[in-house]
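Structural description and commentary
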Amino acid sequence: MLLLEHISTTAVVDHLRVKISPAVVADRLLASIACWRKARKQSFRFPRKKTLGKRKDYTKDYPISISMASLTGKIVLITGSSIGIGRESAFLFSREGCTLILTYCKDEKEAADAAEKCRTLGAPEAFVVRLDVTDDENILGAVKKISEKFDKIDILVNNAGVILWKPFKEQTFDEIQSQCRVNYEGLVKFTLACLPLVKETIINIASGAGKEAYPKLTTYCGTKFAVRGFTQALAQELKDIMVYCVNPRVTATRMTGFEGIHPSKVAEVIVNTAKGAYVLESGDDVDVWDYFDDAD
Ligand SMILES: NC(=O)c1ccc[n+]([C@@H]2O[C@H](COP(=O)([O-])OP(=O)(O)OC[C@H]3O[C@@H](n4cnc5c(N)ncnc54)[C@H](OP(=O)(O)O)[C@@H]3O)[C@@H](O)[C@H]2O)c1
C-alpha cells in the first residue's frame, strides 16, 4: 500500500512539475505496478510464511563451531526412533558422540537395527525401550526402565506421531482418538513422566500443519497446534530447561509415502536446535523450512 502511494505521489508530482501528459503518467503508473508485482511474486518464493521473531541463524553467518555447544557425552531420548525422522535424528546425535535411548511401538526389529547403527556411528551406548504413548502403564514402565539404567536425560525429543489424511466427515472416533492420544496426550504425559530426569532441553516435534491448517488433516492439524501451545506454556513454567518446537514440512517418511525432503535434513535442524546453533528463546518454534527449501 505504502509503495503504491509512493509510486502514485511521485508520478503525480512529476506531472505537475514538468507537465507530462496524463497518458504518460498512467503508463508510468502501470509500469511501476507491474514491476512491484514482479518483485512481490519473487519475494513470495518458498517459504511463504517466514516466522516472525528475534531468531537469527548464526550458522549462516559464522562457522558453526563458534556458536555451538558440544553434545559429546549427552544422553538423548528420542520417542518413535525406530524409523523416519526419529531414527535419522538418532543417527545424527550418535555422530556427535551422544548416548541414545531409542523407543519403538511396533517396529522392534527396525529399532534394534537403528540402535546397532547408532553404535557404529559413535554412540557410546544405544538403549532400546518399547513405548506406546497411548498406554499410561506402558509410559510409566518405560520411564522406570530408563531411570534404572540412566540417572538423567539431557535432551528429550518428543517425536512419536501418527497422521490420517481423510476428510473430517469420514474420520471415525477411533481414528480421531488415535491421533489425539499419540500426537498430543501421549506427548504431554510422557513429558511429565520423564521430567524428573530431564536436565537441559525438550524438543517437541510439531509440524508445519501446526502453524497453518490444511483440509483432510483436520484432527492432525489440531493435535499439532496443541503441541505448540503446550510447548509455549511449558517454557514459561520450566526455568532451567529449554523447550522448543521443531516444525517439519513434508518429509520423506512412511507418513507421506516417502515424499518430501530427506528426514536427515529435519534431523539436522533438531540436532542444531539441541546444540544451541540457532539463537532461540525457550518456547520458540524452529521451522525447518527456514533452513531448507522444499527443493533441497
Ligand atoms: N513426515 C512428515 O512429513 C512430517 C511433517 C511434519 C511433522 N512430522 C512429525 O514428525 C514426527 C515423526 O514423523 P515421521 O514422519 O518420522 O513418521 P514415521 O516414519 O511414521 O514414524 C513415526 C514414529 O512414531 C512411532 N509411534 C507411532 N505410534 C506410536 C505410539 N502409540 N507410541 C509411541 N510411538 C509411536 C513409530 O513407532 P513404530 O514404527 O515402532 O510403531 C515411529 O517410530 C511425527 O510427530 C510427525 O507428526 C512429520
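Residues numbered from 1 in each chain as written. Predicted model: local features only at pLDDT ≥ 70, side-chain atom pairs only at ≥ 80, totals over all residues.

1. Observations regarding the site of the ligand
Residues in close proximity to the ligand total 32 residues, the closest being Gly 80, Gly 84, Ala 160, Gly 161 and Thr 253. Looking at the shell around the ligand, the elements that each hand over two or more residues are helix H4 (84-95) and helix H7 (173-194). For the shell around the ligand, the leading source of residues is H4, giving 3 residues. Looking at the shell around the ligand, its residues break down into 14 nonpolar, 14 polar and 4 charged. (Near = placed C-beta within 6 Å. Helix = DSSP H or I, 4+ residues; strand = E, 2+ residues; numbered from the N terminus. Nonpolar A, V, L, I, M, F, W, Y, C, P; charged D, E, K, R; others polar.)

2. A short note on unusual backbone geometry
Phi at Lys 216 takes a positive value of approximately 70°, unusual for a residue other than glycine. One can find Lys 216 in the loop between strand E6 (198-205) and helix H8 (218-237). Using a count of 14 C-beta atoms within 10 Å as the deciding quantity, one classes Lys 216 as partly exposed. At Phe 258, a position not held by glycine, the phi torsion is positive, near 60°. Structurally, the position occupied by Phe 258 is in the loop between strand E7 (242-247) and helix H9 (263-275). The exposure class of Phe 258 is exposed, given the 12 C-beta atoms found within 10 Å. (Buried ≥ 20, exposed ≤ 12 C-beta atoms within 10 Å, placed from the backbone.)

3. Topic: the pairing of strand E4 (residues 126-130)
As paired elements, strand E3 (residues 99-104) and E4 share 5 bridges and run parallel to each other. Across the sheet, the residue bridging to Ile 101 is Phe 127, located in E4. What joins E3 to E4 is helix H5 (residues 108-121), and the crossover it makes is right-handed. (Pairing = 2+ DSSP bridges. Right-handed = clockwise from strand over helix to strand, strands pointing away.)

4. Quick word on the environment of Lys 152
When you line up the elements, Lys 152 lands in the loop between helix H6 (136-149) and strand E5 (153-158). The exposure class of Lys 152 is exposed, given the 12 C-beta atoms found within 10 Å. Residues Lys 152 and Val 198, 46 residues apart in the sequence, show an inter-C-alpha distance of 6.0 Å. Residues contacting Lys 152, with those up to four places away along its chain left out, are Ile 75, Leu 197 and Lys 199. (Contact = placed C-beta atoms within 7 Å.)

5. Observations regarding the nonpolar core
With 57 residues, the main nonpolar core has Val 76, Leu 77, Leu 100, Leu 102, Val 157, Val 246 and Ile 270 as its most contacted residues. With 6 residues, H9 is the largest single contributor of residues to this core. Beyond its immediate stretch of four places on either side in the chain, Leu 102 contacts Ile 78, Ser 81, Ala 90, Ala 111, Ala 114, Ala 115, Ala 126 and Val 128. (Core = buried A, V, L, I, M, F, W, Y, C linked by C-beta atoms within 7 Å.)

6. Some thoughts on the confidence of the model for the chain
Keep in mind that low pLDDT regions are not for reading the predicted coordinates in detail. Looking at the chain as a whole, the pLDDT averages 84, with 76% of positions reaching at least 70. Overall, residues 1-20 carries pLDDT values under 50, and its contacts beyond four positions in sequence, including any with other chains, amount to 12 contacts. (pLDDT = per-residue confidence, 0-100.)

7. A short note on the sheet that holds strand E2 (residues 75-78)
Picture the strands of a sheet paired through backbone hydrogen bonds; they go either parallel or antiparallel. Spatially, 7 strands are ordered E4-E3-E2-E5-E6-E7-E9 in an open sheet, and the strand pairing comes out parallel. Edge positions in the sheet fall to E4 and strand E9 (285-287), since each has one partner strand and no second. When the angles between neighbouring strand axes are averaged without regard to direction, this sheet yields 20°. Two strands pair when backbone bridges link them, and E5 and E6 are joined in this way by 5 bridges, in the parallel orientation. (Axes fitted to C-alpha atoms, helices over the stretch in contact; angles between N-to-C directions.)

8. Let's talk about H6
Between its terminal C-alpha atoms H6 stretches 20 Å, which fits the 20 Å expected from 14 residues at 1.5 Å a residue. For H6, the full list of buried residues reads Ala 142, Val 143 and Ile 146. One side of H6 holds all its buried residues, which, seen down the axis, span an arc of 95°. Every exposed residue of H6 that faces more than 90 degrees away from the buried side is listed here: Glu 137, Lys 144 and Glu 148. Considering only its buried residues, H6 is in contact with E2, E3, E4 and H7. (Expected span 1.5 Å × (residues − 1). Arc of directions from axis to C-beta.)

9. Looking at the packing of H4 against H9
Between two packed helices, what matters for the description is the angle formed by their axes and the separation of those axes. The geometry of H4 relative to H9 is characterised by a closest axis approach of 8 Å and an angle of 55° between their N-to-C directions. Comparing the axis directions of H4 and H9 gives the class oblique. Where H4 crosses over H9, the two elements pack in a sense that is right-handed. In this structure, H4 uses Gly 84, Ile 85, Glu 88, Ser 89, Leu 92 and Phe 93 to contact H9, whose residues at the interface are Pro 263, Ser 264, Val 266, Ala 267, Glu 268, Ile 270 and Val 271. Classifying every residue of the contact of H4 with H9 gives 8 nonpolar, 3 polar and 2 charged. (Parallel < 35°, antiparallel > 145°, perpendicular 65-115°, else oblique. Left-handed = near helix turned anticlockwise from the far one by under 90°.)

10. Quick look at H8
With 20 residues, H8 extends 29 Å between its outermost C-alpha atoms, agreeing within 8% with the 28 Å of an ideal straight helix rising 1.5 Å per residue. For H8, every residue scored as buried is listed here: Thr 219, Tyr 220, Cys 221, Thr 223, Lys 224, Val 227 and Thr 231. In this fold, the buried residues of H8 make contact with H7, E6 and E7.

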